[in-house]
Each structure stands twice: as C-alpha cells, then as structure tokens.
Amino acid sequence: MKKNRYEVAIVIPLYNEEKIVKDVLTELREKYPEYRIIVVDDCSSDNSYKEACLEGIYLLKHMVNLGQGATLQTGIEYARELGCKYAVTFDSDGQHNPDDIESFIKVLKEGEADIVLGSRFLGSTENMPTSKRYLLKASRFFTWITTGIWLTDSHNGFRAINIEKFPNFEITQNRMAHASEIIGIIKNLNMRYKEIPCHIRYTDYSLNKGQSMWNSINIVLDFFVGNLIK
Ligand SMILES: Nc1nc2c(ncn2[C@@H]2O[C@H](COP(=O)(O)OP(=O)(O)OP(=O)(O)O)[C@@H](O)[C@H]2O)c(=O)[nH]1
Ligand SMILES: [Mg+2]
C-alpha cells in the first residue's frame, strides 16, 4: 500500500508572537520536511501573520481573536481536510522542543494510545516560575476530581492525536476552558491516553511577553467554566 507521505500534521496556534514565530517554523520545517505544518493565526494584532508567511507552511487566519481552543480546532479540521492521520499541537512561542515530536508520533504509530499528552513534570522545565509550578500542580487535583483522570500535567499544549480514528474529536470551548474540555473528550470518547515526558522552556521572551499572568488566571477560570459549571 502507498505510504501517505503527509500522515502527520503539526498544528500551531499563533497569537502575537512576531518576534519568534519565524524561528520556530523554520526549525520545524527543516526538521520535519515530511510533515504538514499548519499555522492558525488567531487575529494577531502584531506582524505574526506576515512573519509566518513562509514557503512550505499552511497559514490560516481567524478574522477575530477566538482564543487557543478555537485556534486548535481550526488547525485540526484543516489537518483532516488534508487527509492527515495524526495531529501534533505545538506552541508558536518557542517553549516546546521540536525534538520531542518524534516520541509523540511513535506512541500513536505503535498504537499504544489514541492521544499523547506532553508532561513537563515527567520531563523537564527551564526557568519555570514557582507560581506557575504550584498552579499547574494544583490543577492536577481539579482535573482528577472533575474527570476522574489523573494526569501529571493537565494544562500542556503539547499533544498528539489520532484524528483519523476519532473524527468527532472536537474542541468547542474557545478560550479558557479548552484544556479541561480535552480531558473530558478523552473520557467521553473513551480514548486511550498516554502522558510522556517533554521539555518546556520558559525563555526570557515567553516570560516577558506579558501573557503569563493572564494565562494563569485562565487556568483558574478553566476549572470553574470548564468543569464545575458543567
Ligand atoms: N494567550 C493566547 N494565546 C493564543 C491565543 N490564540 C492562540 N494562541 C497561541 O497559543 C499558544 C499558547 O499560548 P501561551 O500564551 O504561550 O500559553 P501557555 O504556553 O499555556 O502559557 P505560558 O506558560 O504562560 O506561556 C501560543 O502559541 C499562542 O501564540 C489567544 O487568544 N491567546
Ligand atoms: Mg507559552
């Protein structure tokens, strides 16, 4: 049987990362020429869209800012349209390590799981603020209480999904609630999941972009909006 050359899509949400997105995409394109790279610009107010306009990249754009959940959903839908079997979700802010992608895909290809979840606590971190560490550790208990699923890292954007096997894997929560929603989807669709180690870098750039505090508030709201009010 003919091997699908582009069975893997790397789906990249993009919002106001003009300083770094070109480097992130260039590295991914060089490392993974055999994968489709799909970038979804979430109506950035800076030059991110222009910076992401590179050869070999599929670049989509939301006409209004919809948030990370909707951005991932747009990218996953497009990966399906392109006929990809697996989708890896990968941030555009340089915090994820491209080298980790291979181990995520290996788990899916070997049929060990239907969704692979990256864990910085099984893997490693660089310069993670203490407040973020505590918040993320606390989030594991909320996730466990509300879904019955125990994860070491429940708010990590680095994942790989068998989208062919789960055509109804669909993120409907646009903003803060999507991370919890994904754990709910895993439960509802009875997906086999596996957490594997990944490396997360808190670079000067990502720490200074000024979204960290807002993201932390989002994680807290996620528990309430995504879980408790359900
Ligand atoms: N904050 C934010 N990010 C978005 C949005 N839409 C897409 N993204 C992208 O989603 C990815 C993750 O966003 P981050 O703000 O870095 O969130 P995070 O990595 O969970 O949090 P930090 O640990 O603070 O970096 C990045 O690649 C963003 O560019 C949005 O509306 N808001
Ligand atoms: Mg980030």
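Conventions and cut-offs
- Residues numbered from 1 in each chain as written.
- Chains lettered and ligands numbered in written order.
- Predicted model: local features only at pLDDT ≥ 70, side-chain atom pairs only at ≥ 80, totals over all residues.
- Helix = DSSP H or I, 4+ residues; strand = E, 2+ residues; numbered from the N terminus.
- Buried ≥ 20, exposed ≤ 12 C-beta atoms within 10 Å, placed from the backbone.
- Contact = placed C-beta atoms within 7 Å.
- Core = buried A, V, L, I, M, F, W, Y, C linked by C-beta atoms within 7 Å.
- Expected span 1.5 Å × (residues − 1).
- Arc of directions from axis to C-beta.

**A word on the overall build of the protein chain**
Part 1: Scanning the protein chain for helices and strands turns up eight helices and seven strands.
Part 2: For the protein chain, the proportion of its 230 residues judged to be buried stands at 40%.
Part 3: Within the protein chain, counting contacts between residues at least 6 apart in sequence, those at least 24 apart form 77% of the total.

**Quick word on the nonpolar core**
Part 1: Counting residues in each nonpolar core, the largest one holds 45 residues, and the members touching the most others are Ala9, Ile10, Val11, Ile38, Tyr86, Ala87 and Val88.
Part 2: Per-element accounting of this core gives the leading share, six residues, to strand β1 (residues 8–14).
Part 3: Sequence-distant contacts of Ala87, defined by excluding residues within four places in its chain, comprise Ala9, Val11, Ile76, Ala79, Ile161 and Ile163.

**Quick word on the environment of Asp114**
Part 1: Secondary-structure assignment places Asp114 in the loop between α4 (101–109) and β5 (115–126).
Part 2: When the C-alpha atoms of Asp114 and Glu164 are compared, they prove to be 9.8 Å apart, with 50 residues separating the residues in sequence.
Part 3: Residue contacts for Asp114: discarding those within four places in its chain leaves Asn162, Lys165, Phe166, Met191, Arg192 and Tyr193.

**With respect to helix α5 (residues 130–147)**
Part 1: An ideal rise of 1.5 Å per residue puts 26 Å on 18 residues; α5 measures up with 26 Å between its terminal C-alpha atoms.
Part 2: Residues Lys132, Leu136, Ser139 and Thr143 constitute the buried set of α5. Buried residues in α5, looked at end-on, bunch into an arc of 50 degrees, giving them a common side. Exposed positions of α5 whose direction lies more than 90 degrees from the buried face are Thr130, Ser131, Tyr134, Phe141 and Ile145.
Part 3: Directly after α5, the chain includes Gly148, whose backbone phi takes a positive value near 80 degrees.

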